[in-house]
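Structural features, examined
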Amino acid sequence: MERDLTLVTGGTGMTGSRIVQRLRARGEPVRVASRSSACRLDWDDPGSWDAALAGVTRLYLAYAPDLAVPGADRTVAAFTRRAAAAGVGRVVLLSGRGEPGAQRAERAVQAVADSAGLACTVLRCSWFAQNFSEGQFAPAVRAGELVLPVDGVVEPFLDADDVADAAVAALLDDGPGAVHELTGPRALTFADVVREIAAASGRPVTFRSVSLADFRVDLAAQGVPDDVLDLLAHLFTEVLDGRNARPTDGVQQLLGRPAGGLVDQVRRSAAAGAWS
Ligand SMILES: NC(=O)c1ccc[n+]([C@@H]2O[C@H](COP(=O)([O-])OP(=O)(O)OC[C@H]3O[C@@H](n4cnc5c(N)ncnc54)[C@H](OP(=O)(O)O)[C@@H]3O)[C@@H](O)[C@H]2O)c1
């Protein structure tokens, strides 16, 4: 019998690359897709979508840069429609937590899935711990100072390895879809995280809080375009306004084990040389 083929969009990214690794370790056929992959897929080029979807039965849907970008809901809904037409029976959508753009995208994908008979699972995730070691904050941490327009707000940072385990469980499941709210076990401030990184890496790293206006001016002077500034402003105000401070037991519910803590993740990253 032919094995199911899983398409991992964002397959070179933080969660996608981990999912690909896990599926391959289980001997599952996987297709990696992104703008730079051998299988090229670009959200802004619908002409690239059908070749990526040919022969696929399971789909990991990770939209970049963010579901909060205007029009992202229409793009992911259109892609899900094409996926259904190509024979996909299960979609796992990576989403944010309590954020209007992500909620619009979830509703749009779910509506297509319902009408096309796809099982749809949504992973509503808090901010990833790996943002500091692999993602957008890593260069600043390596340079010794992280400057952000946040002050005392806390966030239950989530280990991207837990996201990948959750996504693989959802992709390989045979039951109906579900919504899972995934967070780390404990909420920390950004200053707390930087202190943990300094302790684990033995490097002098500090955190400084600035106003949103100063943050925008600094990044604009570094050549960051306006649409990216708007997205960052949205993430640091609406998403990080304290609404997501409460940790959930979503990882425990889905995987039957506790979520990984940020301090452990930071120690692993330091040992692997993330900030050297
Ligand atoms: N970081 C967080 O804390 C966090 C928390 C919750 C949810 N999320 C959500 O996670 C998603 C991002 O997933 P991730 O963090 O696993 O990935 P990521 O590390 O941000 O990497 C982005 C991935 O998408 C690909 N990509 C970028 N632009 C693309 C385009 N125009 N068309 C097709 N592929 C494109 C990239 O590869 P190429 O450059 O080769 O195209 C890469 O594989 C976003 O929707 C974000 O909202 C993030």
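Residues numbered from 1 in each chain as written. Predicted model: local features only at pLDDT ≥ 70, side-chain atom pairs only at ≥ 80, totals over all residues. Heavy atoms only, no water.

**Concerning the packing of helix α1 (residues 14-25) against helix α6 (residues 160-172)**
Applied cut-off: Angles run from 0 to 180 degrees between N-to-C directions of axes, and those axes are lines fitted to C-alpha atoms, restricted for helices to the stretch in contact. A run of DSSP states H or I qualifies as a helix once it reaches four residues; a run of E qualifies as a strand once it reaches two. Both are numbered from the N-terminal end. Any angle between 65 and 115 degrees counts as roughly perpendicular, while under 35 counts as roughly parallel, over 145 as roughly antiparallel, and the rest as oblique. Here a crossing is called left-handed whenever its near helix is offset anticlockwise from the far helix by less than a right angle, and right-handed whenever the offset is clockwise. The contact definition used throughout considers only heavy atoms, calling two residues in contact when any of these lie within 4.5 Å. Amino acid classes used here: Ala, Val, Leu, Ile, Met, Phe, Trp, Tyr, Cys and Pro are nonpolar; Asp, Glu, Lys and Arg are charged; the rest, including Gly, are polar.
Following both chains from N to C, one finds α1 and α6 inclined at 55°, their axes separated by 9 Å at the closest point. As the angle between them shows, α1 and α6 are arranged oblique. By crossing handedness, the relation of α1 to α6 is classed as right-handed. For the pair α1 and α6, the contacting residues are Thr-15, Arg-18, Ile-19, Arg-22 and Leu-23 in the first and Ala-160, Asp-161, Val-163, Ala-164, Asp-165, Ala-167, Val-168, Leu-171 and Leu-172 in the second. Here the residues of the contact of α1 with α6 are counted per class, giving nine nonpolar, one polar and four charged.

**Concerning the nonpolar core**
Using the following cut-off: Here, the term nonpolar core denotes a set of buried Ala, Val, Leu, Ile, Met, Phe, Trp, Tyr and Cys residues that are joined through side-chain atoms within 4.5 Å. Burial classes: relative accessible area under 20% of the type maximum marks a residue as buried, over 50% as exposed, and values in between as partly exposed (1.4 Å probe, protein chains only).
By size, the foremost hydrophobic cluster in this structure holds 34 residues, and its most contacted members are Trp-127, Phe-132, Phe-137, Leu-148, Phe-157, Phe-190 and Phe-236. Among the elements of the structure, β7 (145-148), α7 (190-201), α8 (212-221), α9 (226-239) and α11 (262-271) are those that each provide at least two residues to this core. Of all the elements, α9 adds the most residues to this core, at six residues. Beyond its immediate chain neighbours, meaning those up to four positions away, Phe-236 contacts Trp-127, Phe-137, Leu-148, Pro-149, Val-150 and Phe-215.

**Observations concerning the environment of Asp-161**
Which entries qualify depends on this criterion: Under this definition, polar contacts are N or O atom pairs within 3.5 Å; protein pairs additionally need one hydrogen-donor-capable and one acceptor-capable atom, and for neighbouring residues in sequence, both atoms have to be side-chain atoms.
Following the sequence through the fold, Asp-161 ends up in helix α6. Counting along the chain gives 98 residues from Asp-161 to Ala-259, while the straight-line C-alpha distance between them is 9.6 Å. Filtering out sequence-adjacent residues up to four positions away, Asp-161 remains in contact with Arg-18, Arg-22, Gln-130 and Arg-268. In this structure the side chain of Asp-161 is engaged in a polar contact, spanning 3.4 Å, whose partner is the side chain of Arg-268.

**Side note on the site of the ligand**
Operational definition: If a single non-hydrogen atom of a residue is within 4 Å of a molecule or strand, that residue counts as near it. Areas reported here follow the Shrake-Rupley algorithm with a probe of radius 1.4 Å; residue values treat only the protein chains shown as occluding.
Around the ligand sit 25 residues in total, of which Thr-12, Thr-15, Arg-35, Ser-36 and Tyr-63 are the nearest. Between the ligand and the protein, one listed contact pairs an oxygen atom with a side-chain N or O atom of Arg-35 at 2.7 Å. Alone, the ligand offers 910 Å² of accessible surface; in the complex the protein occludes 83% of this. Of all elements in the fold, only α1 and β5 (90-95) reach the threshold of two or more residues within the shell around the ligand. It is α1 that contributes the most residues to the shell around the ligand, three residues altogether. Class assignment of the residues belonging to the shell around the ligand gives a composition of eleven nonpolar, eleven polar and three charged.

**A few points about the pairing of β5**
The criterion, for reference: Two strands qualify as a pair provided that DSSP identifies no fewer than 2 bridges between them. Here a crossover is taken to be right-handed if, once the strands point away from the viewer, the path from the first strand over the helix to the second is traced clockwise.
In terms of burial, β5 is a largely internal element, six of the six residues being buried. The two faces of β5 match: Arg-90, Val-92 and Leu-94 on one face and Val-91, Leu-93 and Ser-95 on the other face are all buried. Bridge count for strand β4 (residues 58-61) against β5 is four bridges, and the pairing is parallel. Looking at the pairing, Arg-58 lines up with Arg-90 of β5. In this view, the connection linking β4 to its parallel neighbour β5 by way of helix α3 (residues 72-86) has right-handed handedness.

**With respect to the pattern of salt bridges**
Under the convention used in this document: Salt bridges, as used here, are contacts in which a Lys or Arg side-chain nitrogen is within 4 Å of a carboxyl oxygen on Asp or Glu.
Evaluated as defined, the whole model comprises 20 salt bridges. For Asp-4, the salt bridge is made with Arg-58, and the minimal N-O distance between the two is 3.1 Å. Highlighted residues: Asp-4 in the segment before β1 (6-9) and Arg-58 in strand β4, separated in sequence by 54 residues. Classification of Asp-4 as partly exposed rests on a relative accessible area of 32%. Notably, a salt bridge pairs Asp-161 with Arg-22, separated by 3.2 Å at the nearest N-O pair. Taken together, the residues span a long stretch of sequence, with Asp-161 in helix α6 and Arg-22 in helix α1 at a distance of 139 residues. Residues participating in the shared-partner salt-bridge network are Arg-18, Arg-22, Glu-134, Asp-159, Asp-161, Asp-162, Asp-165, Arg-257 and Arg-268.

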